Amino acid sequence: MTMPFAGGIDANANATLIFSLVAAVIYAFTLGMPPTLARSAAKTLAVAMLAVLSALQGGPLLLVVALALSATGDAFLSRDGEKAFLGGLASFLVAHIVYITLFLHVGGGLGLLGAESWRGVIALALAVFVIVMLAALWRRVGPSLRIPIAIYVVAILAMGMAALTTNSTWVIGGAVLFMASDGLLATEKFLVAAISPHRGWMRFAVWVLYYAAQLAITLGFLLG
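Scoring rules and cut-offs
- Residues numbered from 1 in each chain as written.
- Predicted model: local features only at pLDDT ≥ 70, side-chain atom pairs only at ≥ 80, totals over all residues.
- Heavy atoms only, no water.
- Phe/Tyr/Trp six-rings, centres within 6.5 Å; stacked < 30°, edge-to-face > 60°.
- Helix = DSSP H or I, 4+ residues; strand = E, 2+ residues; numbered from the N terminus.
- Buried < 20%, exposed > 50% of the residue type's maximum accessible area, 1.4 Å probe, protein only.
- 1 Å grid on protein atoms, 1.4 Å probe; cavity = no way out; pocket = protein on both sides within 12 Å on 5 of 7 lines; lining within 4 Å.
- Points joined across faces, edges and corners; volume = space filled by probe spheres on them.
- Nonpolar A, V, L, I, M, F, W, Y, C, P; charged D, E, K, R; others polar.

Quick look at the packing of aromatic side chains
Enumeration over the complete set of coordinates arrives at nine aromatic pairs. With a centroid separation of 4.6 Å and 65° between ring planes, the pair formed by Tyr-27 and Trp-207 is classed as edge-to-face. Taken as a pair, Tyr-27 in helix 1 (residues 12-29) and Trp-207 in helix 9 (residues 199-223) lie far apart in primary sequence, 180 residues in all. Overall, Trp-207 belongs to the buried group, its relative accessible area being 5%. Measuring from ring centre to ring centre gives 5.6 Å for Phe-85 and Phe-190, while their planes differ by 80°; the resulting arrangement is edge-to-face. Of this pair, Phe-85 sits in helix 4 (residues 82-106) while Phe-190 sits in helix 8 (residues 169-191), and the two are 105 residues apart along the sequence. As far as burial versus exposure is concerned, Phe-85 and Phe-190 are alike and both buried. Following the ring pairs from residue to residue traces out a cluster consisting of Tyr-27, Phe-92, Phe-178, Trp-207, Tyr-210 and Tyr-211.

See the structure below:
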């Protein structure tokens, strides 16, 4: 079996990556079940192991921190209730700020968005996506959630723009998948009826897109 890191399947890096993938798959199959400690552990470990992998491979400290904060957000979001949701929102907000700092540090500057048309087109598409999403959410969420969600939406747009300044298609693709996952999550949580038959596949798609995003960003830095 060809593994992404040297040393074969027994190497610490490859074993950690497999552990992460297994946890992600386990969580995907428990999505329809009530929250339990085991379910929360699977969700949290999927991305926490990517943070461990990044540390093992000498990845940027900011990458390790962003992944660890994301895993913390996953732990919050694996539980029910508004407090857990706000805890997750806060964790991911800080994670996005760390990602923005990381991407801008390794990127070629925001001037690239105007210098290369394909970057500008993607940036414009992301901005339109965020504006439409925020407009839809503003009418549907309670007053206490409007400002936190607006701040988060601005942060994730900035993260996507910052990713576009890098030269890694893995990182850019990961950022776009991250935004798609968040958009679908917001749709499922706030815009779709509670009894909608679509909520099941939407939750599954949110998780797949999200995990693929974190994996792509991680591998973009470790294998780039």
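From this point, the narrative continues.
Some details on the layout of surface pockets
Vacant regions in the atomic arrangement are exposed by a probe of water-molecule size rolled over the atoms. Taken as a whole, the largest pocket spans an internal volume of roughly 910 Å³. Along its surface, the largest pocket is lined by 42 residues, and Leu-77, Phe-85, Leu-185, Glu-188 and Lys-189 are the ones closest to its centre. For the lining of the largest pocket, the secondary-structure elements that each account for two or more residues are helix 2 (37-56), helix 3 (61-77), helix 4, helix 6 (117-140), helix 7 (143-163), helix 8 and helix 9. No other element matches the ten residues that helix 8 contributes to the lining of the largest pocket. When the residues that make up the lining of the largest pocket are grouped by side-chain class, the tally is 26 nonpolar, six polar and ten charged.

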